[in-house]
Amino acid sequence: MIGNDLNLVPVQVRKDLQYTGIVGKPKTGYSVPELIRAIETFLGWNNVNEAFLVGAGNLGTALLGHERFTHFGLRIVAAFDADPTKIGQWVHEKMVLPLDKLAELAQRMSIHLGIITTPAEHAQSIANEMVKGGIQAIWNFAPVRLKLPPTIMVHNEDLYSSLAFLSWELARRFHVTFRQDGGLH
């Protein structure tokens with residue numbers, strides 16, 4: 001069918017589809033859902049484990065060097081920053097690229113996951129660039145809530161809230177009370 005619709009010889013279509021790794025059944029053909037998945041994988045369209053990171057400062061550098069992410073299927077494939085002194089530098093075997101390349105490279109490489117490790121005042125514009133590039137999910141370490149279309153998945157890592165919670169729990173464990181001015185008794 002595909003060969004007829006595209007005016008190609010069926011043998012050529014089967015040979016081309018072999019490159020995707022899918023195997024058809026004689027006289028039956030291919031399972032359409034499996035065929036679609038195989039083609040998407042071959043073309044990199046279902047790439048959900050590669051990510052771009054924006055913000056090559058201390059936190060971004062730490063995340064770039066965190067090798068355990070690969071055990072969970074995450075590969076940070078590129079880093080971006082606005083600081084001209086960081087652009088062109090290598091951080092944990094990733095070259096830091098200029099921000100103006102983000103959207104175009106995300107589209108070209110079919111990157112669907114973005115990581116933001118920038119100061120709060122830059123996070124929204126970076127998130128907008130990520131969305132422009134086709135990124136569908138954002139792991140946000142910036143201390144700000146992003147305003148994005150409802151189709152974009154966002155997970156906010158709020159390091160300050162986590163620290164405040166731990167401090168409060170420790171104070172409670174050691175029966176420390178807080179004064180009105182925020183200090184400890």
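Residues numbered from 1 in each chain as written. Predicted model: local features only at pLDDT ≥ 70, side-chain atom pairs only at ≥ 80, totals over all residues. Heavy atoms only, no water.

> Break down the overall build of the chain for me, with residues and values.
Looking only at helices and strands, the chain features seven helices and seven strands. Each helix (α) and strand (β) of the chain, taken in turn from the N terminus, gives the series α-α-α-β-α-β-β-β-α-β-α-β-β-α. For 185 residues, the compact-globule estimate of 2.2 N^0.38 gives 16 Å, and the chain exceeds it by more than 25% at 23 Å. If you line up the chain on its principal axes, its C-alpha atoms span 80 × 40 × 30 Å. Here the chain holds 185 residues, and 30% of them are scored as buried. Long-range contacts, defined here as pairs at least 24 residues apart, represent 47% of the contacts in the chain between residues at least 6 apart. Approximately 12700 Å² of the chain is accessible, and the part contributed by carbon and sulfur atoms is 59%. Side chains of the chain carry 17 positive and 17 negative charges; the gap between the two charge centres is 7 Å. (Helix = DSSP H or I, 4+ residues; strand = E, 2+ residues; numbered from the N terminus. Rg over C-alpha atoms; globule rule 2.2 N^0.38 Å. Buried < 20%, exposed > 50% of the residue type's maximum accessible area, 1.4 Å probe, protein only. Contact = heavy atoms within 4.5 Å. Areas by Shrake-Rupley, 256 points an atom, 1.4 Å probe, with all protein chains shown as cover. Lys, Arg positive; Asp, Glu negative; His and termini not counted. Charge placed at Lys NZ, Arg CZ, Asp CG, Glu CD.)

> Hey, could you go over the pattern of salt bridges for me, with residue numbers and the actual values?
One pass over the structure, following the stated rule, counts four salt bridges. E129 serves as the salt-bridge partner of K132, at 3.5 Å between the closest nitrogen and oxygen. Note that K132 and E129 are positioned in helix α6 (residues 120-132) at a spacing of three residues, about one turn of the helix. R172 is paired through a salt bridge with E169; the nearest N and O atoms lie 3.6 Å apart. A residue pair is termed a helical-turn pair when its members lie 3 or 4 positions apart in one helix, as R172 and E169 do in helix α7 (residues 159-173) at three residues. (Salt bridge = Lys/Arg side-chain N within 4 Å of Asp/Glu carboxyl O.)

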